[in-house]
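For reference, the chains in residue letters:
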Amino acid sequence: GQGVDEPLSATGFRQADAAGLFLSNVKFTHVFSSDLLRAKQTAATILGKNKFCKDLEIKYDARLRERKYGVAEGRPLTDLKAMAKAAGEQCPSFTPSGGETLDEVRERAKDFFEFLCQLAVELEQKEQDMHGAPSRSSGTSEEQLVFPWTNHCSEAELSSSNGGASKILDANILVVSHGAYMRNWIGYFVSDLNCTLPTNLTKSQLSSVSPNTGVSHFIIKLENGNLLKPEITCVCLNQDSHL
């Protein structure tokens, strides 16, 4: 939850190191992190391993915090399940006293995602203003598309989502957050925004919480700067081959 703001454990730091090595060749344009300590440390560790953007500023945002669990904060999952059972409900839809509902978490995720889309549109507009013509580049090479998990995805998925290797992104954004929050955000992508999913993804994989430092990759297209109809493709979900 968000009420217990503890640092990473030794295992957590090892996992963050592994994620950093895994992502070391990916050139990010922006990094956003939850303002909870464990996420801050994870983001800093990942960037510290990066070959291109060690000095990139990490921006902290409270909208990326884990779901608030109220009276269940800091208690074992078994306690939360027992509370839910006593209330005649099931996890994760059960909301403990003082906690956030799933709808409230989704609203936070929606708000942050719309902020990211606005950021990307403004970047493209800035490029156009600078060069006097539409430009798809916020970098000058294909380094931004050196994603380490492409071996785990079918060619069809990559060609449809990336438009081929020559495609250069306006923004390549790393977001570091938390498991229950990200599951909710992905649910918003799928149910509200009709996100295209990998063909081999199962329902249980879609509804499961990511392992610590699990990596998900989404490509967002905003045709003609249209913020209302983002086209979203999930390239991979909760990738953990680095662990």
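Quick note: structure is the one above.
Residues numbered from 1 in each chain as written. Predicted model: local features only at pLDDT ≥ 70, side-chain atom pairs only at ≥ 80, totals over all residues. Heavy atoms only, no water.

All right, on to the side chain of Arg 67 then. Tracing the chain through its elements places Arg 67 in the loop between strand S2 (58-61) and helix H3 (77-86). The charged side chain of Arg 67 is buried without a salt bridge, its nearest counter-charge being Glu 100 at 6.0 Å. Within the structure, Arg 67 has its side chain in polar contact with the backbone oxygen of Phe 94 (distance 3.0 Å). Within the structure, the side chain of Arg 67 is placed 3.3 Å from the side chain of Thr 95, a separation counted as a polar contact. (Helix = DSSP H or I, 4+ residues; strand = E, 2+ residues; numbered from the N terminus. Buried < 20%, exposed > 50% of the residue type's maximum accessible area, 1.4 Å probe, protein only. Lys, Arg positive; Asp, Glu negative; His and termini not counted. Salt bridge = Lys/Arg side-chain N within 4 Å of Asp/Glu carboxyl O. Polar contact = N/O pair within 3.5 Å; in protein donor to acceptor, adjacent residues only side chain to side chain.)

For the rest of this paragraph, the subject is unusual backbone geometry. Looking along the chain, the bond that leaves Cys 91 and enters Pro 92 is cis, with omega of 5°. Along the chain, the position of Pro 92 falls in the loop between H3 and helix H4 (102-131). Phi at Asn 194 takes a positive value of approximately 55°, unusual for a residue other than glycine. Take Asn 194: it is sitting in the loop between helix H6 (179-193) and helix H7 (203-207). Backbone geometry places Thr 213, a non-glycine residue, at a positive phi of 65°. With respect to the helices and strands, Thr 213 occurs in the loop between H7 and strand S4 (215-221).

A word on the pattern of salt bridges. On inspection of all chains with the given rule, the structure shows 8 salt bridges. Between Asp 192 and Arg 106 there is a salt bridge whose closest N-O contact spans 3.5 Å. Taken together, the positions of Asp 192 in helix H6 and Arg 106 in helix H4 put the pair 86 residues apart, joining distant regions of the chain. Taken together, the salt bridges that share partners define one network made up of Asp 61, Arg 63 and Asp 111.

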